[in-house]
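Given next are the chains, with one letter for each unit.
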Amino acid sequence: MRLTRIDFEGKPGHYATAQRRAASGTAPNVVVVTILTPDMPDGREHHVAADCQEDVWSMAECLQHHLDGCRGTNSMIHDYYRELLRLSDL
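Residues numbered from 1 in each chain as written. Predicted model: local features only at pLDDT ≥ 70, side-chain atom pairs only at ≥ 80, totals over all residues. Heavy atoms only, no water.

**Notes on the overall build of the chain**
What counts here: Helical segments are the DSSP runs of H or I of at least four residues, strand segments are the runs of E of at least two, and each set is numbered from the N terminus. We compute the radius of gyration from the C-alpha atoms alone; for a globule the expected value is 2.2 Å times N to the 0.38, where N is the number of residues. Contact between two residues is taken to exist if any of their heavy atoms lie within 4.5 Å; hydrogens are not considered. The convention is simple: Lys and Arg are positive, Asp and Glu are negative, and His and the chain ends are not counted. Where a charge lies is defined by one atom per residue type: Lys uses NZ, Arg uses CZ, Asp uses CG and Glu uses CD.
Of regular secondary structure, the chain possesses 2 helices and 4 strands. The linear arrangement of helices and strands in the chain, starting from the amino end, is β-β-β-β-α-α. Taken over C-alpha atoms, the radius of gyration comes to 13 Å for the chain, in line with the 12 Å a tight globule of 90 residues would show. On the principal axes, the C-alpha backbone points of the chain span a range of 40 × 30 × 25 Å. Put simply, 40% of the contacts in the chain that link residues at least 6 apart link residues at least 24 apart. Both charge centroids of the chain, one from 9 positive and one from 13 negative side chains, sit 2 Å from each other.

See below:
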C-alpha cells in the first residue's frame, strides 16, 4: 500500500494538500504541496524532491508556519515532517 495524497487543515480557513507525483522520464519523484489560505485563495504550489530530507523538512517548516499561523517549535514542525515522510522516498 502506498499513500498518494494527504490533506491538512490548520487554523480556520488554512488548508494544504500534499500529493505524490511519480517520476516521468528523467524527472525525479516529487511531492507537490498546495497551500490554501485566505490571502492565497487560489493556492501556492511547492514542489519538493521526494528523496531529499532537507527539502522535506523545509516544506514541513513552511506548512507549520502557514497552517498554524506562528513560528513553531521543532516538535510542531516534526508533526508535519512525519506526515510528509509518508509520501517521500526517505
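Let us keep going from here.
**A word on the sheet that holds strand β4 (residues 40–49)**
Under the convention used in this document: Two strands form a pair only when DSSP identifies at least two bridges running between them. Comment: axis = line fitted to C-alpha atoms, over the contacting stretch for helices; angle = value between 0 and 180 degrees taken between N-to-C directions.
Spatial ordering of the open sheet is given by β1-β2-β3-β4, a layout of 4 strands whose pairing is antiparallel. Edge positions in the open sheet fall to β1 (5–9) and β4, since each of these has one partner strand only. Pairwise comparison of adjacent strand axes, ignoring direction, gives a mean angle of 15° for this sheet. Note that β1 and strand β2 (residues 15–21) share 5 bridges and pair antiparallel. Note that in β2 the partner of Glu9 across the bridge is Tyr15. On the sheet, helix α1 (residues 53–68) packs against β1, β2, β3 (30–37) and β4 and is oriented at approximately 160° with respect to β4.

**Notes on helix α2 (residues 74–85)**
The test is simple: Working rule for helices: expected span equals 1.5 Å times residues minus one. Think of it in three bands: residues with accessible area under 20% of the maximum for their type are buried, residues over 50% are exposed, and the middle band is partly exposed, with areas taken using a 1.4 Å probe on protein chains only. When we speak of the arc, we mean the arc of directions from the helix axis to the C-beta atoms.
Between its first and last C-alpha, α2 extends 16 Å over 12 residues, near the 16 Å set by a 1.5 Å rise per residue. Buried within α2 are the following residues: Ile77, Tyr80, Tyr81 and Leu84. The buried side chains of α2 occupy one side of the element, clustering within an arc of 105° when seen end-on. Those residues of α2 that are buried lie in contact with β1, β2, β3 and α1.

**Digging into the state of the cysteines**
Just so we agree on the cut-off: Cysteine sulfurs are considered disulfide-paired once they come within 2.5 Å of each other.
This model, assessed by the stated rule, comprises 0 disulfides. Between Cys62, a free cysteine, and Cys70, which holds the nearest cysteine sulfur, the sulfur-to-sulfur gap is 13 Å.

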